[in-house]
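Results of the structural survey
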Amino acid sequence: MRKQKFGNSGPDVSVIGQGTWYLDRGDRKSAVAALRRGIETGMTHIDTAEMYGDAELVIADAIAGLRDELFLVSKVLPSNASRRGTITACERSLKRLKTDHLDCYLLHWRGSFSLDDTVAAFDELIAAGKIRSWGVSNFDTDDLNELLAVAGKGKIACNQVLYHLQERAIEHAVIPWCEKHGVAVVAYSPFGHDDFPSARSKQGQMLQSIADAHKATARQVALGFLTRRPSLFAIPKASSADHAAENAAAGTLKLSDSELAALDSAFPRGPKPRGLPML
């Protein structure tokens, strides 16, 4: 598994991680097995959130005895992101995950609480050893500029955003902003939301042709494209151990310049949107 530095001064983190949205809605044993296979195959970056129902409890089962190998991330809901609320939410997530610290803690999206209060809580959690870094999710450049003014340089570890082959809006401004300021970009829903290109479509056939050249799958090629730059990470969810292993194999896939250009042409990023797309 290829690893890259996570943000300006973070550790080296697996470029392909494990998302856990809806993880608690299927068979628990299968979910635990998928997470464990993912860890075994190098996907040691595990992402969750207090919003994800019982996902944190499932993760706790999967990571028992493996915590020191992991880069573990959770998120606070905007409705809880006051100074005291952020600290309480973090402590609740730690308890559910059965760990004493998070490697990164995120504000899930922009809410009504002051960023000053949320950042102050993050700083307090770092001082207490309960988190090692912090970041945000679903922040556009205006929000990021405001956050930078509050926090100062070098504090924002990552911005987790919607990014897949058919939704490349963040390439216009968000990725350049993050690269300029040393902020990791983490792609959630990297296969889209039930709209991955059909194998029968022209786009799907082009994906498969590249996959065949690498003895890979179309989804592995998609992940390879989404993690093609040193700032980019992806956190696909897997519903089975075999699916997790397939995702992990994308962490060693190296696409050529001509293949990247072909994907860029087949999946045009389109015009800059008015607002940041999110799920």
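Heads up: these notes are all about the structure in this document. (Residues numbered from 1 in each chain as written. Predicted model: local features only at pLDDT ≥ 70, side-chain atom pairs only at ≥ 80, totals over all residues. Heavy atoms only, no water.)

A closer look at the overall build of the chain
Secondary structure summary: the chain contains 10 helices and 9 strands in total. The C-alpha atoms of the chain give a radius of gyration of 18 Å, which matches the 19 Å a tight globule of 279 residues would have. Overall, the chain is about 50 × 40 × 30 Å in size when its C-alpha atoms are taken along their principal axes. Put simply, the chain has 279 residues, and 56% of those count as buried. Total accessible area on the chain is roughly 12,200 Å²; 48% of this is exposed by carbon and sulfur atoms. (Helix = DSSP H or I, 4+ residues; strand = E, 2+ residues; numbered from the N terminus. Rg over C-alpha atoms; globule rule 2.2 N^0.38 Å. Buried < 20%, exposed > 50% of the residue type's maximum accessible area, 1.4 Å probe, protein only. Areas by Shrake-Rupley, 256 points an atom, 1.4 Å probe, with all protein chains shown as cover.)

Things to note about the sheet that holds strand 7 (residues 156-162)
In spatial order, the strands read 3-4-5-6-7-8-9; together these 7 strands make up an open sheet with parallel pairing. Each edge of the open sheet is held by one strand with a lone partner, namely strand 3 (45-47) and strand 9 (232-234). Adjacent strand axes in the sheet meet at a mean angle of 25° when their direction is disregarded. (Pairing = 2+ DSSP bridges. Axes fitted to C-alpha atoms, helices over the stretch in contact; angles between N-to-C directions.)

Overview of the pairing of strand 7
Put simply, side chains in a regular strand alternate between the two faces of the sheet. Counting buried positions along strand 7 yields 7 of 7 residues, so the element is predominantly enclosed. The pairing of strand 6 (residues 134-137) with strand 7 spans 3 bridges and is classified as parallel. Within the sheet, the bridge partner assigned to Val136 lies in strand 7 and is Asn159. On the question of chirality, the crossover connecting strand 6 to the parallel strand 7 by way of helix 5 (residues 141-151) is right-handed. (Right-handed = clockwise from strand over helix to strand, strands pointing away.)

Some words on the side chain of Lys75
With respect to the helices and strands, the residue Lys75 is situated in strand 4 (residues 71-76). Its relative accessible area of 0% is what places Lys75 among the buried residues. Here Asp47 takes part through its side chain, which lies 2.6 Å from a polar atom of the side chain of Lys75. When near neighbours in sequence (up to four residues on either side) are disregarded, Lys75 contacts Asp47, Thr48, Ala49, Glu50, Tyr52, Tyr105, Leu106, His108 and Gln160. (Polar contact = N/O pair within 3.5 Å; in protein donor to acceptor, adjacent residues only side chain to side chain. Contact = heavy atoms within 4.5 Å.)

Quick look at helix 4 (residues 115-127)
Here helix 4 is 13 residues long and its end C-alpha atoms lie 18 Å apart, about the 18 Å a rise of 1.5 Å per residue gives. Within the sequence span of helix 4, burial applies to Leu115, Thr118, Val119, Ala120, Ala121, Phe122 and Leu125. A side-chain oxygen of the first residue of helix 4 lies 3.0 Å from the backbone nitrogen of Asp116; this N-cap is Ser114. Two residues or fewer past helix 4, Gly129 is found with a positive phi of approximately 80°. (Expected span 1.5 Å × (residues − 1).)

Observations concerning the nonpolar core
Tyr105 and Leu263 are the most contacted members of the largest nonpolar core, which totals 78 residues. When residues of this core are assigned to their parent elements, the largest contribution, 6 residues, is made by helix 8 (residues 218-226). With 14 residues, the next largest nonpolar core counts Val13, Val73, Tyr188 and Phe233 among its residues. (Core = buried A, V, L, I, M, F, W, Y, C linked by side-chain atoms within 4.5 Å.)

Considerations on the packing of helix 1 (residues 28-40) against helix 2 (residues 55-63)
A packed helix pair is summarised by two numbers, namely the angle formed by the two axes and the spacing between the axes. At a minimum axis separation of 9 Å, helix 1 and helix 2 run at an interaxial angle of 55°. Of the possible angle classes, the one that applies to helix 1 and helix 2 is oblique. For the element pair helix 1 and helix 2, the recorded crossing hand is right-handed. Of helix 2, the residues touching helix 1 (which contributes Arg28, Ala31, Val32, Leu35, Arg36 and Ile39) are Leu57, Val58, Ile59, Asp61, Ala62 and Ile63. For the contact of helix 1 with helix 2, a count of residues per class yields 9 nonpolar, no polar and 3 charged. (Parallel < 35°, antiparallel > 145°, perpendicular 65-115°, else oblique. Left-handed = near helix turned anticlockwise from the far one by under 90°. Nonpolar A, V, L, I, M, F, W, Y, C, P; charged D, E, K, R; others polar.)

Digging into helix 1
Counted at 1.5 Å a residue, the expected span for helix 1 with its 13 residues is 18 Å, and the 18 Å between its end C-alpha atoms agrees. Within the sequence span of helix 1, burial applies to Ala31, Val32, Ala34, Leu35, Gly38 and Ile39. Each buried residue of helix 1 sits inside an arc of 160° when the element is viewed along its axis, so together they form one side. Seen from the open side of helix 1, the exposed residues pointing more than 90 degrees away from its buried face are Lys29 and Glu40. Its side-chain oxygen placed 3.3 Å from the backbone nitrogen of Lys29, Asp27 serves as the N-cap of helix 1. In the segment just after helix 1, Gly42 is the residue with positive phi, at about 105°. (Arc of directions from axis to C-beta.)

Structural notes on the side chain of His101
Positionally, His101 belongs in the loop between helix 3 (83-97) and strand 5 (104-107). Looking at His101, the relative accessible area reads 9%, which means it is buried. Setting aside residues up to four positions removed in sequence, His101 forms contacts with Arg67, Leu94, Gly129, Lys130 and Arg132.

Quick look at the state of the cysteines
Within the structure shown, the criterion is met by 0 disulfides. Of all cysteine sulfurs in the structure, the one in Cys104 sits closest to Cys90, which takes part in no disulfide; the separation is 11 Å. (Disulfide = S-S within 2.5 Å.)

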